[in-house]
Amino acid sequence: MIDIQNEADTREIPLQKVGVKNLQYPVHVLDKSKHTQTTSAKVNLFVNLPHHFKGTHMSRFIEVFHKYHQNLSMRHFLLMLEEIRTNLDAAEAFGTLSFHFFMEKTAPVSGQHGMMVYDCTYEGSVKLLPGGEKSQEFFVSVAVPVTTLCPCSKAISKNGAHNQRGIVTVKVQNSSFFWIEDIIELVESSASCAVYSLLKREDEKYVTEQAYDNPRFVEDLVREVYIALRGFADGENPKAEKPFTWFSVEAENFESIHNHNAYAYTEFVK
């Protein structure tokens, strides 16, 4: 059959990215307590296209991804991108994998169990350099809901203080193994209190008082997460095999007494 994609293009315009976007697929990702978990992912896969090619072969992206979808550890994600790159005779391949990560959580007093969900993203690229060497980059993002209590409100009020739920998004550049659960626990321990899916009355009392005893501005939250992550980056934490060379911390609090959100962001480069 005629292969139109392989025909020459005379317009001499290279394309930086071509491929498939918003592919919905079931995937298996690593789980610290159960080894793996099955979840649903939204996937973007691209390669570069030299100016003399008319088009790419979209079906090959799906063929390669299907081969890996039941074993998408961080290392296998980059292997999948390299196979896409070579399969499509490209110099570069790019990909993102956004998925819900589920984690069972125990209420702090009653011991009741419930499931929490965290939004995670893998983002990677592989590139063949002119000398034949290869380079690769890999990032993991994890968004963690937390509770924060306003230090100013606590200081000026006789009875109580306002608090709110926020989202802390950590993005790390990584070349070795770590557990997503460890990042989640690190962020939660840096907030006024963690968020739970199931709380009985005795648990509500605990989390309310825990937050009151640990007030955090959004700036405090970002700085506390930064310090904890820097322990990974400096190799101080045994949970990380190798250091992070770069990370960012972003926090957004959904204010309970203001008609706006509070926000803070910082980066670390080793």
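Please refer to the structure higher up on the page.
Here's what I pulled together on the structure shown here.

Reading guide: rules and limits
Residues numbered from 1 in each chain as written. Predicted model: local features only at pLDDT ≥ 70, side-chain atom pairs only at ≥ 80, totals over all residues. Heavy atoms only, no water. 1 Å grid on protein atoms, 1.4 Å probe; cavity = no way out; pocket = protein on both sides within 12 Å on 5 of 7 lines; lining within 4 Å. Points joined across faces, edges and corners; volume = space filled by probe spheres on them. Nonpolar A, V, L, I, M, F, W, Y, C, P; charged D, E, K, R; others polar. Helix = DSSP H or I, 4+ residues; strand = E, 2+ residues; numbered from the N terminus. Expected span 1.5 Å × (residues − 1). Buried < 20%, exposed > 50% of the residue type's maximum accessible area, 1.4 Å probe, protein only. Contact = heavy atoms within 4.5 Å. Salt bridge = Lys/Arg side-chain N within 4 Å of Asp/Glu carboxyl O.

**Remarks on empty space enclosed by the protein**
Summed over the entire model, instances satisfying the criterion amount to one cavity of 30 Å³ or more. Considered as a void within the structure, the largest cavity measures approximately 50 Å³ in volume. Considering the residues around the largest cavity, the lining is formed by Leu30, Met74, Tyr122, Phe177, Phe178, Trp179, Ile180 and Glu181. Of the residues assigned to the lining of the largest cavity, the class counts are seven nonpolar, no polar and one charged.

**Considering helix 2 (residues 74-87)**
Over its 14 residues, helix 2 runs 20 Å from end to end, which matches the ideal 20 Å to within 8%, given 1.5 Å per residue. Among all positions in helix 2, only Met74, His76, Phe77, Leu78, Met80, Leu81, Glu82, Ile84 and Arg85 are buried. Contacts from the buried residues of helix 2 go to strand 2 (35-49), helix 1 (58-68), strand 3 (92-106), strand 4 (113-128), strand 5 (134-149) and helix 4 (180-190). Trailing helix 2 by a residue or two, aspartate 89 shows a phi angle of about 55 degrees, which is positive.

**Examining the pattern of salt bridges**
Considering all chains together, one arrives at seven salt bridges under this definition. Ionic pairing is found between lysine 105 and glutamate 188, a salt bridge with its closest N-O pair at 2.6 Å. Of the two residues, lysine 105 is situated in strand 3 and glutamate 188 in helix 4; the sequence distance between them amounts to 83 residues. The same class applies to lysine 105 as to glutamate 188, namely buried. Of the charged contacts in the structure, one is a salt bridge between lysine 205 and glutamate 209, with a shortest N-O distance of 3.0 Å. Highlighted residues: lysine 205 and glutamate 209, both in helix 5 (residues 201-213), separated by four residues, approximately one helical turn. Of the residues examined, glutamate 209 reaches a relative accessible area of 40% and is grouped as partly exposed. Here the salt bridges share partners, and the residues they tie into one network are Glu82, Arg85 and Lys134.

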